Structure formats: structure tokens, C-alpha cells
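Coordinate inspection notes
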Amino acid sequence: MPSLNLIKTVVRELVTGERSPRVTEPDLVMDDPENVAAYVEAGREHAVMAPVYLFHCANVCEVIRPGDTVVDLACGPANQLAMVARLNPATRFIGVDLSAPMLERARELIARQGLTNVEFRHGDITDLSSFADKSVDAVMSTMALHHLPTLDMLCQTYAEVARILKDGGGVYMVDFGHLKAARSIDYFAYQYADRQPQLFTEDYYNSLRAAFYPDDFRQAVKPLAGRATLYSTIGLPFMMALKSAPRRGADPELAAELQRMQQRLPEWHKHDFSDLRRHFGLNSMRCALIA
């Protein structure tokens, strides 16, 4: 069952007339070593972001196939990318990020895990000119689009995705949605403040304030109309996800491994994972790879 505080937040978002302002992040590119370290640690598979990464991992896996070339936009330290790549050894991944320190951490992680199907490019996700038209099989991006300072740049990113994606290609791009009430932002930002580094909590708060509004996403994804569907968590747009139809057939081995990863989560992580699945599922976004 959802917590009382979460229920109150949903009700507040449904009835409030407030429209909290979008505030761009103080550091548009995360280059500060201390901030990078806090973000990397909180995003490890055992840490506070674990259920979110697992949920997104399952959804990414559903829209990619063995033999694909998949681009991860704003891959950061590759915590998410490494998880997906490990489960899909026959798929080639290219991580793109504008932060050199993040890419350094990403390369370290991929090398430490012994993954050979991942490479990285230093680049701006609004300008994917290093990729030819219709040259990639799938595009993924998880919790990164709020770093973009303007709506025009968000629109340009989706336009670039539409350009480089092959016909019938896969898409899973998810990010925070901007909540109406400042109190709702505070609730999510400080919900687990006692379980994560302070710098991560501060970054989380800044990310929620920098999130784009649902209407912004609806405008920006138009170049991908008919190729993917825009979903949000039910009741409040805490997350917005653009997802294409599944491209993968039945894969019992992968589904079983995702189930084992889910069962290894601590109990409070399992609750968060179930909440995400429920809130997206009630808006019809489902993933056959997770029970």
C-alpha cells in the first residue's frame, strides 16, 4: 500500500492551483569531483537508486534486441548502462555524455565489470551529428533530460533521436516530470535523506525543480509520434517515459534474471520497485519482463 504521505502528495497535485516555477540546475554539466562521487555512489546497484535503475533496466531490455546498436543519451557514470549491457552481451552500446569526469567514471566501471560491448563518446545530446541518419537501432536515456536548460534544447534532443533512429527502432527515454506544488517537490527530494549522501539529496532536489512540465514533454516528443508513446506515473507526473512497442520476443532467461535481481533488493527497495511498476502500469505502460 502507498504511504499516507504519498497519498497526500497525489491528492495535493490533483487539487492544487499552484504551478511551481521551473528552476534550471546551478551546474548544467556535473564536473565537480565531489558531486560526481556522491552521484556515483548513490547510483550503485545496492544504493538508494537501485529499484529505479532496475525498473528502467527491464523496460530498456524490452525495446532492444541482440545485435542492436543502442545509444544511451547523457549516460553519466554508466550505472544504468552497465546493468543493461551486462544483461545484453550481444548488443552494442554507445554512451554519450558532456561531462568528462562522468565519462571517466563510466569507463572505470565498464572496465571493472569486464564489459566489452560498451563504448563512450564525449558529446552534446542536442547535437548527435556524429551519428548518421537512421543509423542506430534503439535509444535510451534515464533521468537526465532535466539537465537541459531550455525547452528548445529538449525539443532538439528528441528531434535528433528521431533522425538517427532506424525505422522500427526502439525508444525508452524517461525523466522526472515537474510537479505543481513546491511541497510535493520537497516530499520526494527529502523522502530518503537519511539513507543517501547529502550532496545527492541536494542534487535530487535541484533535479526535481529543473524537471520539464508534462506539456513540455508532449510538445517535444512530436517528432517521434507514431513510433513511441508518452506515459506518466498515475495521479502525478513524477516521472514521464517515452517508450516504443516491445521489440523483443519471449526471453525466459532474461526475465528470470531480472526476477532474481528484484528478489535480492532490500524490502524497502522492493516496495519502491512495486510502486513504480504500479504507477506506470495504471497508465498502461507495462513490461512483460517483470512480474
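About the cut-offs
Residues numbered from 1 in each chain as written. Predicted model: local features only at pLDDT ≥ 70, side-chain atom pairs only at ≥ 80, totals over all residues. Heavy atoms only, no water. Helix = DSSP H or I, 4+ residues; strand = E, 2+ residues; numbered from the N terminus. Buried < 20%, exposed > 50% of the residue type's maximum accessible area, 1.4 Å probe, protein only. Contact = heavy atoms within 4.5 Å. Core = buried A, V, L, I, M, F, W, Y, C linked by side-chain atoms within 4.5 Å. Salt bridge = Lys/Arg side-chain N within 4 Å of Asp/Glu carboxyl O. Phe/Tyr/Trp six-rings, centres within 6.5 Å; stacked < 30°, edge-to-face > 60°. Lys NZ or Arg CZ within 6 Å of the ring centre and 35° of its normal. Axes fitted to C-alpha atoms, helices over the stretch in contact; angles between N-to-C directions. Parallel < 35°, antiparallel > 145°, perpendicular 65-115°, else oblique. Nonpolar A, V, L, I, M, F, W, Y, C, P; charged D, E, K, R; others polar. 1 Å grid on protein atoms, 1.4 Å probe; cavity = no way out; pocket = protein on both sides within 12 Å on 5 of 7 lines; lining within 4 Å. Points joined across faces, edges and corners; volume = space filled by probe spheres on them.

Here the focus is the environment of V171. For V171, the position within the fold is in strand β5 (residues 165–176). The exposure class of V171 is buried, given its relative accessible area of 0%. With near-sequence residues (within four places) excluded, V171 lies in contact with V63, V139, L165, A228, L242, K243 and S244.

So, about the nonpolar core. It is characteristic of soluble globular proteins that their nonpolar side chains tend to be buried jointly. Among the nonpolar cores identified, the biggest contains 64 residues, and F120, F188 and L258 are the most heavily contacted of them. In terms of residue count, helix α3 (residues 50–63) provides more of this core than any other element does, 10 residues in total. Once residues within four sequence positions are removed from consideration, F120 is found in contact with C75, A78, L81, G95, L103, A106, R107 and I110. Membership of the second largest hydrophobic core comes to 30 residues, among which are V136, V139, L154 and F212.

Before going further, it helps to examine the pattern of salt bridges. In the structure shown here, the tally under the stated rule is 13 salt bridges. R92 is paired through a salt bridge with E119; the nearest N and O atoms lie 2.9 Å apart. Of this pair, R92 sits in strand β2 (residues 92–97) while E119 sits in strand β3 (residues 118–122), and the two are 27 residues apart along the sequence. For R92, a relative accessible area of 37% puts it in the partly exposed group. The class of E119 is partly exposed, set by a relative accessible area of 31%. Salt bridges here are not isolated pairs; linked through shared partners, they connect D133, E160 and R163.

Going through the model one piece at a time under the given rule, you end up with eight aromatic pairs. Where F212 meets F217, the ring centres are 6.3 Å apart and the plane angle is 80°; that geometry is what we call edge-to-face. Assessed through its relative accessible area of 1%, F212 is described here as buried. In this structure F217 comes out as buried when scored by relative accessible area, which is 1%. The side chain of R19 reaches across the aromatic face of Y213, ending 3.8 Å from its centre. Taking the ring centre of F131 as reference, the NZ or CZ of R121 above it sits at 4.3 Å.

Okay, the packing of α3 against helix α10 (residues 252–263) next. Across the interface, α3 lies against α10 with an axial gap of 11 Å and an inter-helix angle of 175°. The orientation of α3 with respect to α10, classified from their angle, is roughly antiparallel. In this structure, α3 contributes L54, C57, A58 and C61 to the contact, and α10 contributes L254, L258, M261 and Q262. Residues of the contact of α3 with α10, tallied by class, amount to seven nonpolar, one polar and no charged.

What follows concerns the layout of surface pockets. One number sums up the size of the largest pocket: a volume of about 640 Å³. Forming the boundary of the largest pocket are 30 residues, of which F188, Q191, Y192, D272 and D275 lie nearest the centre. A per-class count over the lining of the largest pocket returns 19 nonpolar, seven polar and four charged.

Just geometry here; none of it tells us what the structure is for.
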